[in-house]
Amino acid sequence: MSATIEKGINSFKEVIDAPIASFFSSCVHCGLCAEACLFYTETGDAQYTPIHKLEPLRRVWQQEYTLLGKVGKALGLSKPVTDAELAEWEPLVYDSCTLCGRCAMVCPVGNDMTYMIRKMREGMAASGHAPEDLVAATTRAITIGSPMGIKWPAVLAQIKHVQAETGIAVPVEREGADYLVLMSSMEIINFPEYLSALSRIFKQAGVSWTLAQDAFEATNSGIQIGASDLAREIVSRIVVAAERLKVKCVISPECGHAFTALRWEGPNLMGRPFSFEVKHILEVLDELHTAGKLRTKGKDQRPLTYHDPCQIARRGGVIEQPRRLLNEIAEDFREMPDAGVMNWCCGGGGGVSANSRAEPLRLQSFKYKKGQIEATGTQTLITACANCRIVMEEGLEHYHMKVEVIGLTELLAEYLVEEEKT
Ligand code: SF4
Ligand code: SF4
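## Some points on the sheet that holds strand 8 (residues 404-407)
Sheets are built from strands that pair by backbone hydrogen bonding, the pairs being arranged parallel or antiparallel. Here we have 4 strands laid out as an open sheet, ordered 6-5-7-8, and parallel in their pairing. Edge positions in the open sheet fall to strand 6 (330-333) and strand 8, since each of these has one partner strand only. Between one strand axis and the next, the sheet turns through 45 degrees on average, direction left out of account. Two elements, strand 5 (residues 300-306) and strand 6, share 3 bridges in a ladder whose sense is parallel. Bridge pairing links Leu304 to Phe333 in strand 6.

## Here's the deal with the site of ligand 2
As a structural note, the neighbourhood of ligand 2 is formed by Cys27, Val28, His29, Cys30, Gly31, Leu32, Cys33, Ile51, Cys107, Pro108, Val109 and Asn111. Residues belonging to the shell around ligand 2 are distributed by class as follows: 9 nonpolar, 3 polar and no charged.

## Focus: the domain arrangement of the protein chain
As assigned here, the protein chain comprises domain 1 (3-130), domain 2 (139-288) and domain 3 (296-414). A separation of 22 Å is found between the C-alpha centroids of domain 2 and domain 3. At the junction of the two partners, domain 2 supplies 25 residues and domain 3 supplies 27 residues. Elements represented by at least two residues in the side of domain 2 that touches domain 3 include exactly helix 12 (185-190), helix 13 (193-205), helix 14 (221-225), helix 16 (256-264) and helix 18 (281-290). Element by element, the count of residues in the side of domain 2 that touches domain 3 is highest for helix 13, at 6 residues.

## What to know about the sheet that holds strand 4 (residues 277-280)
In spatial order, the strands read 2-1-3-4; together these 4 strands make up an open sheet with parallel pairing. Each edge of the open sheet carries a strand with a single partner, namely strand 2 (209-210) and strand 4. With 2 bridges connecting them, strand 1 (residues 179-181) and strand 2 associate as parallel partners. Opposite Leu180, over in strand 2, you have Thr210 as the bridge partner. Contacting strand 3 (249-252) and strand 4, helix 16 runs over the sheet at an angle of about 155 degrees to strand 3. In this fold helix 18 packs onto strand 3 and strand 4, with an angle of close to 85 degrees to the strand it touches most, strand 4.

## Things to note about the pairing of strand 7 (residues 380-383)
Sheet topology places strand 5 next to strand 7; 3 bridges connect them, and they run parallel. What sits directly across from Thr305, in strand 7, is Leu381. Both strand 7 and strand 8 contribute to a ladder of 4 bridges, which runs parallel. Note that in strand 8 the partner of Thr380 across the bridge is Glu404. Viewed along the sheet, the connection from strand 7 through helix 22 (residues 386-398) into strand 8 turns out right-handed.

## Some remarks on the environment of Leu262
Here Leu262 is to be found in helix 16. Overall, the presence of 28 C-beta atoms within 10 Å leaves Leu262 in the buried class. Distance in space between the C-alpha atoms of Leu262 and Lys369 is 27 Å, their sequence separation being 107 residues. Each residue touching Leu262, except ones within four places of it in the same chain, is listed here: Val235, Ile238, Val250, Ser252 and Val278.

## Details of the site of ligand 1
Neighbouring ligand 1 are 15 residues; Cys37, Pro50, Cys97, Cys100 and Cys103 lie closest to it. Put simply, the parts of the chain that give the shell around ligand 1 at least two residues each are helix 8 (102-106) and helix 9 (113-126). The dominant element in the shell around ligand 1, judged by the number of residues it contributes, is helix 9, at 3 residues. Considered class by class, the residues forming the shell around ligand 1 number 11 nonpolar, 3 polar and 1 charged.

## Observations concerning the nonpolar core
Counting residues in each nonpolar core, the largest one holds 128 residues, and the members touching the most others are Cys37, Leu180, Leu182, Ile238, Val250 and Leu285. Sorting elements by how many residues they give to this core places helix 15 (residues 228-245) first, with 9 residues. When near neighbours in sequence (up to four residues on either side) are disregarded, Ile238 contacts Leu182, Ala215, Val250 and Leu262.

About the criteria used
Residue numbers here run from 1 along each chain, matching the order of that chain's written sequence. Lettering of chains starts at A and numbering of ligands starts at 1, both following the order in which they are written. In keeping with the model being predicted, local features are shown solely for residues with a pLDDT of at least 70 and side-chain atom pairs are shown and tallied solely at 80 or more, while totals for entire chains, interfaces and linings include all residues. Two strands pair under a simple rule: DSSP has to find at least two bridges between them. A run of DSSP states H or I qualifies as a helix once it reaches four residues; a run of E qualifies as a strand once it reaches two. Both are numbered from the N-terminal end. In this description, a line fitted to the C-alpha atoms serves as the axis of each element, helices being fitted only across the stretch in contact, and the angle between N-to-C directions of two axes falls anywhere from 0 to 180 degrees. For each residue, a C-beta atom is placed from the backbone, and the residue counts as near a molecule or strand when that atom lies within 6 Å of it. Each residue gets one of three labels, nonpolar for Ala, Val, Leu, Ile, Met, Phe, Trp, Tyr, Cys and Pro, charged for Asp, Glu, Lys and Arg, and polar for the others, Gly among them. Domain borders in the structure are assigned automatically or taken from a domain database. Note that contacts rest on C-beta atoms placed from the backbone: two residues are in contact if these are within 7 Å. A right-handed crossover is one whose linking path, passing over the helix from the first strand to the second, runs clockwise when the strands point away from the viewer. Remark: C-beta atoms are placed from the backbone, and a residue is labelled buried if 20 or more other C-beta atoms sit within 10 Å of its own, exposed if 12 or fewer do, or partly exposed between those counts. Note on terminology: a nonpolar core is a set of buried residues of type Ala, Val, Leu, Ile, Met, Phe, Trp, Tyr or Cys, with members joined through C-beta atoms within 7 Å.

As structure tokens, this is what we get:
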């Protein structure tokens, strides 16, 4: 057995915990999870059945941890997992799963395939079977501090631009602020309007906030590639900065998996509770709205629809907040079919959009989202994840659809009651 496959199998053995063992042993092979996964529905290819993507992990569980499996392995009746097999499985584990969690919602025995794929990626990464692009992004996140290689001077340039545009000072390294604001690489590079919108909203609401020079990046490539040690290092930078600045809350930006990484996985990765809260920006905006601190004027007359990012809605529970905010500023808000907890993924989460090899499959799978948008008859699509936004913009362009995609924070800022100039 080669050193790499030994490492991979040992890593598989390590990640097989009680939930994984119970999920494999309770699967009734009904196939219902297939119909919940857009990679299956849009291709009709059985290899994209969620539970099938985990087959090497299942074999290791069976051969190492069940009596029948051990006997079968000893008698040569079941083949050991090989390096070549892991190489063959790599696209199934990384290119055709966005960790969206939809399949878990329909499984009659409650198997959480997202948890299982996350765990399986640990073994794949350990054995050298992770996509090149994700390896490069994770390396940049560790060595530079951002998966897209963004350094503080780039953020500073954006801050200066926002200050010049809005006349509002963007606070940096302000100890004792209530909120530490994070951004995703996508926002820094593609959507500078997010920081501008946030500055205007927080100015109106009188929010005390800050950015941190060494912890501005929310994106966690360690979670996407399946390397808990790296995920922990990325989370710990934020924790150290939040504790140094003594903030009460860290705001996860319009990014889906960053919220999962910090809010749900963060304390487990660190092995201790945080001394601060973690909220998604939509939760904060909704609280400000409820408290009467976010005052808007007028309504958008365009028919609008909203795409629920999987990690924020289904896996994060932030479903009512965007609707309350949208109802405040939208005259004609239309839900897409399956909106909310059962919404369909944009197709690019979980590291899929950062993996160029996956692009043809991602665009093919975008057909489901295309159909959902078309069903609403709208040409304006609102969302709250910069990654979803860029993935949907690419999908819309690919299918020649004239639909504009806007971040909800940015849209809200357009309808703020203007501050009196002092
Ligand atoms: S988590 Fe989402 S993308 Fe992954 S297998 Fe399940 S339904 Fe498919
Ligand atoms: S839906 Fe659940 S029980 Fe059915 S095949 Fe998928 S994982 Fe197994």
